[in-house]
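A closer look at the structure
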Amino acid sequence: MKLAIFGGIYNNYLALEAAIADARARGVDDFYCLGDLGAFGPHPDRVFPLLKEAGVVCIQGNYDDSIGNDLDDCQCGYTDPRDNHFAQISYEYTYRNTAPENRRWMRDLLTELRLEVDGIRFLLCHGSPRQTNEFLWDSTTSTHFLDKLARDHNADVVLATHTGIHWQRELSEGRRFVNVGVLGRPENDGSTNVWYTIIRTGNDLPKPTGSAPWDSTVNNTPIQIEFIPLAYNHERLAQEMQDEGLPEEFINTIRTGWWTTCLEVLPSRERRAGKW
Amino acid sequence: MSSLPTSGNVPHVELRSLDELWFQVSGTLCNLECTHCFISCSPHNDSFSYLSLETVAKSLEESIRWGVKEYYFTGGEPFLNREIVPILERTLEYGPVTVLTNGTVLKAEWLSRLRDAEQRGSYSLEFRVSIDGPTPATNDPIRGPRTFERAMKGVRLLVEHGFLPIITMARTWDLSEDERILEEFRGVLKEQSCDRPRLKVLPRLQIGAEADRSEGYGQHDRITPEMMQEFDESQLICNHSRVVTDRGVYVCPILLDAPDARLGETLEAAAVDFPLSHGACYTCYQYGAICTNLSAAKSSTT
Ligand code: SF4
Ligand code: SF4
Ligand SMILES: [Fe+2]
C-alpha cells in the first residue's frame, strides 16, 4: 500500500497542487490530509476544488473546527500576545474569504480516522490522538509518553501534524509516531520548500538497493516512511499574499524559509534551529 | 493558612494523565529569600530538603510506565543541590527537562556539561530564570539587594553556553502595565546580547511569604462546584502533574505547606483525585497553567 499524507495546508493551494502532482509522479494516488486547511496564505477557497478532484480524505484540524463552527479564533494554542495578534489576522482573513458551503464542509469533517493497511493499524489525527491542538514537538516529547499514547489509542502508527515541523520516533515493538510536516509554510530552516510524507507498506516497498531497504517492520510488515521536500511556486504565493494585503511577516517566511511569528511556542531546540 | 471552606461541596480534580513530573530538587532551600516566595524558601527553611540522584533515578524509572512527557526541576534554588548536574544529565536520557532557577549561582563549568548532555540526546533543556521586572528598582526590593545584576549575569552565562533562557516575572504591577514592562525588558536583554528574549509574566500566589506581604486569600476565594461546570480542568496542573519531594509525592509544587497535599510515597499512591479546597487553587483557576512552559501550555479544544 502507498499513501501520501499531507499536514496543514494553511491556504497554500499552490503547494497542495504541487504535492498531488509530485505524489502521482511517484506512483501514489491515495491521499490524506490531517487538517488545518486554512490560515496564513491567500485565497482559502482555492484549496477545496483541488482536495475534491484528487479525492483527498481530510480530517478536521483546530482551524477547520473554528472556521466551520464560526468560532472567534483559530484555537492554535498560542500563549504569547504577539503570536496571537498575527494568528488573529490570518484567522479573520480566512474566515471572511471562505465560502459558507466550504465552512459547512469543514464543520462536518471527522476529527480522527483509523486505517488498517497490511495488518498495520494507522491512527490519523491532527495534534495528538487525545487533543486536536496538542503540540507534540520532537524535543519536548518523551518516547515513553508516545508509547503510552499509541498503546492507549490502540494504534501501531500515529500520524499527526499541527506543529509545522516533520519528525518521527520509533517506539517499542516497532510502533511509530510520525509528524508528517505541513504544506502550508516552510519549516523554519532557511529553505523555501515545504514537506509531506509518503508511506509504503508490504509489497509496495521499493526493492532493496543495497542501503537500508526499508525503515523497519510493524507487526511483521515492512514499512517505509519517507519525508518529501517539495518545491512549489512560492514566489507566486508571496506575490498573491502581498496583493491580498497579508502581513509582511508572513510573506517574509514564504520567501526566506524562516519563521517570523508563532515563535514563542517553539521549544528551545526547535527555536535555535531557526533564525528569529 | 489554608482552611476548608465552611459551606458547599469541594470540587475534586482527577489526575487525567501524568504528563509532567516535577522534582522539588532542593526542597525549600534557597540562597535568596524573596518576599513573594509562595513556599517561603530561604537558606534556613529545610522543611523540605535536597533530593538525591538516587531518589530522582527511582522516580525516573517509575515514570516510564506512567508515560510522563516532560520533567521539571524546582526548589528553592535547584543549583544549590550538589548533585544537580548529574541529576539533570540523567533526566535528559528520559525526556525533556525544564529547570526553574533564580540564576544567581550558575557556574560556567556546570553549564558546559549540561550543554553537552543536551546535545548528546534529542531533548530540550530549558532554563526558566526568575527576574521580577526589567530594572533593579522593580526586582531588588522583592528578590534582595543586587539580585537583578546577579541574575542577569546568569542569563548572560546561559546565552553564552547556547541556551535560550525563558525569563519569568511575578506580576507585582497592574495587568495593564504588562506590555510596557515586557517591551522594556526586551530592550534590556538585547543590550546584554540576548537577541531572542523569551519572557513570561506569572500571576502572584498569595500564600507563603506572599501572604504576609499582601493580604492572603479571603474565605470567599475558593473554587465552588458551580465554577467547575464549564471549566477546562486541564488548565490546572494537578490535572496532569505531581511533584516528588524528599518527603513523598505531593499534588503540585504550589501547595507544599498544606498537610493534605502529600499524597503518598510513590507515583502510584499519588494518582488519586484531589480536593480543590485551597486559596491557591483559586489563582490556578483564574490564571490557568501558571507553572509550565509556553511550549507546553495547555489550551482548550472546546
Ligand atoms: S521565589 Fe525562588 S528565588 Fe525567591 S526565595 Fe523562593 S525559591 Fe528562592
Ligand atoms: S494549587 Fe493549583 S495545581 Fe495545586 S492543587 Fe490547587 S488547583 Fe491544583
Ligand atoms: Fe493545527
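Our structure is the block above this text.
Residues numbered from 1 in each chain as written. Chains lettered and ligands numbered in written order. Predicted model: local features only at pLDDT ≥ 70, side-chain atom pairs only at ≥ 80, totals over all residues. Heavy atoms only, no water.

1. Examining the pattern of salt bridges
Heads up, the rule is: The term salt bridge refers to a side-chain nitrogen of Lys or Arg lying within 4 Å of a carboxyl oxygen of Asp or Glu.
Enumeration according to the criterion identifies 29 salt bridges over all chains in this entry. Close ionic contact of E177 of chain B with R180 of chain B constitutes a salt bridge, the shortest N to O distance being 2.7 Å.

2. Here's the deal with the site of ligand 2
Residue and element names in this part refer to chain B. Under the convention used in this document: Put simply, a residue is near a molecule or strand once any heavy atom of it comes within 4 Å of that molecule or strand. Secondary structure is summarised from DSSP: a helix means a run of H or I of at least four residues, a strand means a run of E of at least two, and numbering begins at the N terminus for each. Here the nonpolar group is Ala, Val, Leu, Ile, Met, Phe, Trp, Tyr, Cys and Pro; Asp, Glu, Lys and Arg are the charged ones; every other residue, Gly included, is treated as polar.
What surrounds ligand 2 is the set I237, C238, C252, L255, F274, L276, A280, C281 and C284. If one sorts the elements of the shell around ligand 2 by residue count, helix α10 (residues 279–287) sits on top with three residues. Its residues assigned to classes, the shell around ligand 2 shows nine nonpolar, no polar and no charged.

3. Quick word on the coordination of the iron ion (ligand 3)
Residues and elements named next belong to chain A. Rules: The rule for donors is simple: N, O or S, within 2.8 Å of the metal, or within 3.2 Å if the metal is Na, K or Ca. Water isn't counted, so a site may look like it is missing partners. Geometry assignment treats four donors as tetrahedral when all angles are between 85 and 135 degrees, treats four as square planar and six as octahedral when opposite donors are over 155 degrees apart and all others between 65 and 115, and treats everything else as irregular. Burial status follows relative accessibility: with a 1.4 Å probe on protein chains alone, a residue under 20% of its type maximum counts as buried, one over 50% as exposed, and anything between as partly exposed.
Binding of the iron ion (ligand 3) to the protein goes through D36 (OD), N62 (OD1), H126 (NE2) and H162 (ND1), at separations of 2.1 to 2.2 Å. What the four donor atoms of the iron ion (ligand 3) show is an angle range of 83 to 154° at the metal, which sorts the shape as irregular. Linear spacing of the donor residues for the iron ion (ligand 3) on their chain is D-x25-N-x63-H-x35-H. Of the two residues, D36 sits in the loop between β2 (31–33) and α2 (47–54) while H126 sits in the loop between β5 (120–124) and α6 (143–152), which places them 90 residues apart along the sequence. Using a relative accessible area of 3% as the deciding quantity, one classes D36 as buried.

4. Notes on the packing of aromatic side chains
Note the following rule: A pair of Phe, Tyr and Trp rings is counted when the ring centres sit within 6.5 Å of each other, with Trp represented by its six-membered ring. The angle between the planes then sorts it: under 30 degrees is stacked, over 60 is edge-to-face, the rest tilted. Placement of a charge over a ring requires the Lys NZ or Arg CZ to be within 6 Å of the ring centre, with the centre-to-atom vector within 35 degrees of the ring normal.
Per the stated rule, a full pass over the model turns up 17 aromatic pairs over all chains. Residues F86 of chain A and F250 of chain A carry aromatic rings whose centres are separated by 5.9 Å and whose planes lie at 55° to one another, so their mutual orientation is tilted. Taken together, the residues F86 of chain A in helix α4 (residues 81–96) and F250 of chain A in helix α8 (residues 248–256) connect sequence positions 164 residues apart. In terms of burial, F86 of chain A and F250 of chain A fall into one category: buried. Linked through ring pairs, F79, W110, F127 and F163 of chain B together constitute an aromatic cluster. Geometry around W259 of chain A places R185 of chain A over its ring, the cationic atom sitting 3.9 Å from the centre.

5. Section: the packing of helix α1 (residues 53–66) of chain B against helix α2 (residues 84–91) of chain B
Residues and elements named next belong to chain B. Convention followed: Geometry is summarised by axes, namely lines fitted to C-alpha atoms with helices restricted to the contacting stretch, and by angles between N-to-C directions that run from 0 to 180 degrees. Should an angle fall under 35 degrees it is called roughly parallel, over 145 degrees roughly antiparallel, and 65 to 115 degrees roughly perpendicular, with every other angle called oblique. In this scheme, a crossing is called left-handed if the near helix is turned counterclockwise away from the far one by less than a right angle; it is called right-handed if the turn is clockwise. Between two residues, a contact is recorded if the distance between any of their heavy atoms is within 4.5 Å.
The geometry of α1 relative to α2 is characterised by a closest axis approach of 10 Å and an angle of 15° between their N-to-C directions. Taken together, the axis directions place α1 and α2 in an arrangement best described as roughly parallel. Note that α1 runs across α2; the crossing there is right-handed. On the side of α1, the interface is formed by L53, V56, A57 and L60, while α2 contributes P86, I87, R90 and T91. Split by residue class, the contact of α1 with α2 holds six nonpolar, one polar and one charged.

6. Let's talk about the site of ligand 1
Residues and elements named next belong to chain B. The line we're drawing: The distinction between a cavity and a pocket rests on a 1 Å grid over the protein atoms alone: a 1.4 Å probe fits inside a cavity but cannot get out, while a pocket stays open yet meets protein on both sides within 12 Å along at least five of seven lines, and a residue with an atom within 4 Å of a point counts as lining. In this scheme, a molecule is assigned to a cavity or pocket if more than half of its atoms are within 2 Å of the grid points.
Contacts to ligand 1 come from C30, L32, E33, C34, C37, C41, G76, N102 and R143. Judged by the fraction of its atoms near the pocket grid, ligand 1 is located in the largest cavity. Class assignment of the residues belonging to the shell around ligand 1 gives a composition of five nonpolar, two polar and two charged.

7. So, the environment of N102 of chain A
Residue and element names in this part refer to chain A. Mapped onto the elements, N102 comes out in helix α5 (residues 100–107). With relative accessibility at 7%, the residue N102 sits in the buried group. Remark: the alpha-carbon pair of N102 and Q88, spanning 14 residues in sequence, is separated by 20 Å. Excluding its chain neighbours within four sequence positions, the residues that come into contact with N102 are D45, F48 and K52.

8. Remarks on unusual backbone geometry
A cis geometry characterises the amide bond from G75 of chain B onward to G76 of chain B, with omega recorded as 15°. Mapped onto the secondary structure, G76 of chain B falls in the loop between β3 (70–74) and α2. Despite not being glycine, D70 of chain A shows a phi value in the positive range, around 55°. Of note, D70 of chain A is situated in the loop between α3 (62–68) and α4. Using a relative accessible area of 47% as the deciding quantity, one classes D70 of chain A as partly exposed. In this structure, R146 of chain B takes a positive phi of about 65° despite not being glycine. You can see R146 of chain B is positioned in the loop between α4 (136–143) and α5 (147–160). On the basis of relative accessibility, which here comes to 47%, the residue R146 of chain B falls in the partly exposed class.

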